[in-house]
Amino acid sequence: VAGDPGARGPTAAEKEAAALVAAALLPAVRVAEFPRLTADVCVVVLDAGGSETAAAVVAACLALADAGVPMDRLVSAASFARVQGRLLLDPTAAETASSDGGGLVAATVGGAGPELLTQAAATGAWLPDALEDALDAGAAAAVAVGGLMRGVLAEAAARC
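Calculation rules
Residues numbered from 1 in each chain as written. Predicted model: local features only at pLDDT ≥ 70, side-chain atom pairs only at ≥ 80, totals over all residues. Heavy atoms only, no water. Phe/Tyr/Trp six-rings, centres within 6.5 Å; stacked < 30°, edge-to-face > 60°. Helix = DSSP H or I, 4+ residues; strand = E, 2+ residues; numbered from the N terminus. Buried < 20%, exposed > 50% of the residue type's maximum accessible area, 1.4 Å probe, protein only. Pairing = 2+ DSSP bridges. Axes fitted to C-alpha atoms, helices over the stretch in contact; angles between N-to-C directions. Contact = heavy atoms within 4.5 Å.

A.B. asks: Any chance you could explain the packing of aromatic side chains here in plain terms?
C.D. replies: Any two aromatic rings considered together are summarised by their centre-to-centre distance and by the angle between their planes. Under the definition given, this model contains 1 aromatic pair. Judged by centre distance (5.8 Å) and plane angle (75°), the rings of Phe80 and Trp126 are edge-to-face. A residue pair is termed long-range when its members are at least 10 positions apart, and Phe80 in strand E1 (residues 74-83) and Trp126 in the loop between strand E4 (117-124) and helix H5 (128-159) qualify at 46 residues. Side by side, Phe80 and Trp126 carry an identical accessibility label, which is buried.

Spelled out as structure tokens, the structure:
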């Protein structure tokens, strides 16, 4: 049916984004403790302005945490793009379209020990040092968003 997004099925880009979200979150979920645990998280993007996959990681993690799914730590994410030699964090759709490289970084946040990358994906050709800088900047941005995530969950818990 024309105009019914559910009738067409997921696109290749949507399947790739779903795989990135799942791969980013899985290392933080206590699967070994709860081998029969299953969770379906549906992310609906109403307005695609850029960095949707990173936002989907954050939203899905918050949904799992709010639902009480056992997790070692929260997982946050950030996107990056290289436009005319400049590294941009949380790029818009137009910036991503005009970029010659980009990617996504997901990292654990909160808890004891160092933050850990759970997902890193990059497109385009990168010099090793430039890619390392991009991943470091993305991880730092993800950790900063993680602080906001903890605050949102604390506020929600206080209301209950």
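Text resumes after the structure shown.
A.B. asks: I tried to follow the sheet that holds strand E2 (residues 86-89) on my own but got confused; where do I start?
C.D. replies: Sheet strands pair by backbone hydrogen bonding; their relative direction is either parallel or antiparallel. What the 4 strands build is an open sheet, ordered E2-E1-E3-E4; its pairing is antiparallel. Each edge of the open sheet carries a strand with a single partner, namely E2 and E4. In this sheet, neighbouring strand axes are inclined to one another by 20° on average, regardless of whether the strands run parallel or antiparallel. As defined by bridge partners, E1 adjoins strand E3 (residues 101-109) across 9 bridges and the pair is classed as antiparallel. The partner of Arg82 across the bridge, within E3, is Gly101. With respect to the sheet, helix H3 (residues 52-66) is in contact with E1 and E3, its orientation differing from that of E1 by roughly 175°.

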